[in-house]
Amino acid sequence: MECCEALFPVIIYILLIILIIVLIILGIKLIKTLGKVDKVVDDVNRKVNKLDGVFNIVDATADTLSAFSDKIVNAIVLGITSLFGKKKKKEEEDNDE
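Residues numbered from 1 in each chain as written. Predicted model: local features only at pLDDT ≥ 70, side-chain atom pairs only at ≥ 80, totals over all residues. Heavy atoms only, no water.

1. With respect to the overall build of the protein
Keep this limit in mind: For the purposes of this entry, the term helix denotes a DSSP run of H or I that reaches at least four residues, the term strand denotes a run of E that reaches at least two, and both are numbered from the N terminus. Accessibility here uses a 1.4 Å probe with only protein chains present; expressed as a share of the type maximum, an area under 20% marks a residue as buried, one over 50% as exposed, and anything in between as partly exposed. Under the convention used here, a 1.4 Å probe and the Shrake-Rupley method define accessible areas, while residue burial counts only the protein chains that appear.
Looking only at helices and strands, one finds one helix and zero strands in the protein. Taken over 97 residues, the protein has a buried fraction of 0%. Surface exposure of the protein reaches about 9200 Å², of which carbon and sulfur atoms provide 70%.

If you want it as structure tokens, here you go:
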């Protein structure tokens, strides 16, 4: 029994030392990995900033084309409504007489 009382703490201390060493190694690897990830994120941000101007040009072009097509559609709709409006007025005048 005395042997077990002396042996268990030694085994636990050895396992704790191994656990601490493993955690230190994992922490160092994690720090290195985070450094690499940070470099990749910076590179992606730089490339996105370069493409941001292109996206702004495409967005402005799309807005211009949309406004132009809206004006054309409005002109066509006004033409059609005025055409039908004249026919309705003529029919009303014929009915009034």
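2. Focus on the pattern of salt bridges
Quick note on the threshold: Every case where a carboxyl oxygen of Asp or Glu lies within 4 Å of a side-chain nitrogen of Lys or Arg is listed as a salt bridge.
Within the structure shown, the criterion is met by two salt bridges. Aspartate 43 is the partner of arginine 46 in a salt bridge, and the nearest nitrogen-oxygen pair spans 3.1 Å. Of this pair, arginine 46 and aspartate 43 both sit in helix H1 (residues 2–96), separated by three residues, roughly a single helical turn. Among the residues examined, arginine 46 registers a relative accessible area of 49% and is labelled partly exposed.

3. Comments concerning a positive patch on the surface
The condition is simple: Here a patch means residues that are over 30% exposed by relative accessible area and free of salt bridges, tied together within 9 Å if like-charged and within 5 Å if nonpolar (Val, Leu, Ile, Met, Phe, Trp, Tyr). The positive count covers Lys and Arg only, the negative count covers Asp and Glu only, and His and the chain ends enter neither. In this description, the location of a charge corresponds to atom NZ of lysine, CZ of arginine, CG of aspartate or CD of glutamate.
Judged by side-chain charge, Lys29, Lys32, Lys36 and Lys39 come together as a positively charged surface patch. Among the structural elements, lysine 36 can be located in helix H1. Overall, lysine 36 belongs to the exposed group, its relative accessible area being 60%.

So, to be careful, I would describe these as geometric facts and stop short of saying anything about function.
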